[in-house]
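# Geometric and topological summary
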Amino acid sequence: MSEEVAGERLPRLAGPRSRELFARAIGLMPGGVDSPVRAFGAVGGTPWFVERAEGAYVVDVDGRRYLDYVQSWGASILGHAHPAVVAAVRDASLRGTTFGAPTEGEVELAARVTSSVPGCEMVRFVSSGTEAVMTAVRLARGATRRDRVVIFSGCYHGHSDGLLAAGGSGLATLGLPSSAGVPAGAVADTVVASYNTLPDLDERVACVVVEPVAANMGLVAPEPGFLAALRRACDDAGALLVFDEVITGFRLGREGASGLYGVRPDLWSFGKVVGGGLPLAAIGGGRSLMEHLAPVGPVYQAGTLSGNPLATAAGAVVLDLLTPEAYATLAQRVARLGAGLSEVLASEGVTAQVPVVGTLLGLFFSSAPVRDYAGARLAAAGGRYAAFFNEMAARGVAFAPSPYEVAFTSLAHGEEEVELTLEAARGAAREISRT
Ligand SMILES: *Cc1c(COP(=O)(O)O)cnc(C)c1O
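Please read all numbers here as calculations on a predicted model, not as lab measurements. (Residues numbered from 1 in each chain as written. Predicted model: local features only at pLDDT ≥ 70, side-chain atom pairs only at ≥ 80, totals over all residues. Heavy atoms only, no water.)

### Structural notes on the pairing of strand E10 (residues 205-210)
The side chains of a regular strand alternate, first on one face of the sheet and then on the other. In terms of burial, E10 is a largely internal element, six of the six residues being buried. Pairing of strand E5 (residues 148-152) with E10, which is carried by three bridges, proceeds in the parallel orientation. Paired with Arg148 across the bridge in E10 is Val205. The sheet contact formed by E10 and strand E11 (residues 240-245) spans four bridges and is parallel. Along E11, the bridge assignment pairs Cys207 with Leu240. (Buried < 20%, exposed > 50% of the residue type's maximum accessible area, 1.4 Å probe, protein only. Helix = DSSP H or I, 4+ residues; strand = E, 2+ residues; numbered from the N terminus. Pairing = 2+ DSSP bridges.)

### Remarks on the environment of Ser194
Secondary-structure assignment places Ser194 in the loop between strand E9 (190-193) and E10. On a C-alpha basis, the gap between Ser194 and Glu104 in space is 43 Å, while along the polypeptide they are 90 residues apart.

### Side note on the site of the ligand
Taken together, Ser128, Gly129, Thr130, Tyr156, His157, Gly158, Glu211, Asn216, Asp244, Val246, Ile247 and Lys272 are the residues near the ligand. Contact between the ligand and Gly129: an oxygen atom at 2.8 Å from a main-chain N or O atom of the residue. For the ligand, whose free accessible area comes to 380 Å², the fraction covered by protein is 82%. Here the residues of the shell around the ligand sort into three nonpolar, six polar and three charged. (Near = heavy atom within 4 Å. Polar contact = N/O pair within 3.5 Å; in protein donor to acceptor, adjacent residues only side chain to side chain. Areas by Shrake-Rupley, 256 points an atom, 1.4 Å probe, with all protein chains shown as cover. Nonpolar A, V, L, I, M, F, W, Y, C, P; charged D, E, K, R; others polar.)

Structural measurements only, silent on function.
What follows is the structure, given as structure tokens:
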């Protein structure tokens, strides 16, 4: 896609300093970024460079302030630079930033995670969601002595080779590499199924990996009974069920999606919220399964910075502040935002779906509800998201720069921020309904 063409058609939002930095960055880093979606390829224009952030807002290097619904892709559930998190990280850093040896902070965070999520008796901390899911799959293969992994189109499980597979639409198919550089052999045991459709499982399947609420193709809720049916199908086939709760864990509630839907997987991956905005993620599960990991068991896994003391300190503070009241408040704000966005878009004649699952909110410019990746792609193909994104950004509200992401609301988004968002959405909707 030509960003220049899009840039001429759409408002140029980034100021001179961001543009100067982006020009430099492009010469030094591929695409000028360290993660592709940050380059604004899907929405056109130049990304703003963030200088600092506070609560619900980010401020860029040109001093422009945005009400932020990215929140580091959900990692910052308390809002940016929460004073308790900043203090915990500062205090921890004064004692040293990494040791390559066990720390009390790991024990403290592990205790919080395992006491929160029923069935998750042990954890292993790593530094990214990618590592967490990659390790969960290795563990499942090691424990079952089977090779096959079933995933679903439109779910994202990080960028490890075996999970970068794309399928055809419709029936479950053996995956093809979805990125250059992934050998066919790396995905030869990866089966790609369609979300919300029960795949056939057999005795070759080590595990089924699923986002229990899909939040990487916009927001797609599991249809009633889908997760329970997956649980039964795994049990019948002797396969393990892995919930990738890197987004939903500690965001949908203390028990994540497994608690919300009452379906218990064999293994979990956590990330984002659990690291309190620092690089930390976790694999979790029952004791007998987790003890297949080295050094107790034969499944190898390791990490120089795993369980980093700054990250465990931040994660523990965040989990301590996520009380039932905090989740209730967040859910209430998101419900108001969802109902308000639906109303505003409809009243301005813009056809859209605004799915809400607890504290998560999505936005599809489509006339029908979306239940799988085919539907999400159809909605994105309409091209309206880019216009909406740019109109919102021009009004100081930063949604994700891609139609396949969700809106991350933090506890720092108060009633005032929700109303500001709806006011901006009314103006944006009015503008895009003319085109
Ligand atoms: C973000 C994400 C990952 C990957 O996590 P990283 O920390 O970016 O490696 C994996 N699974 C899901 C569901 C995610 O949203």
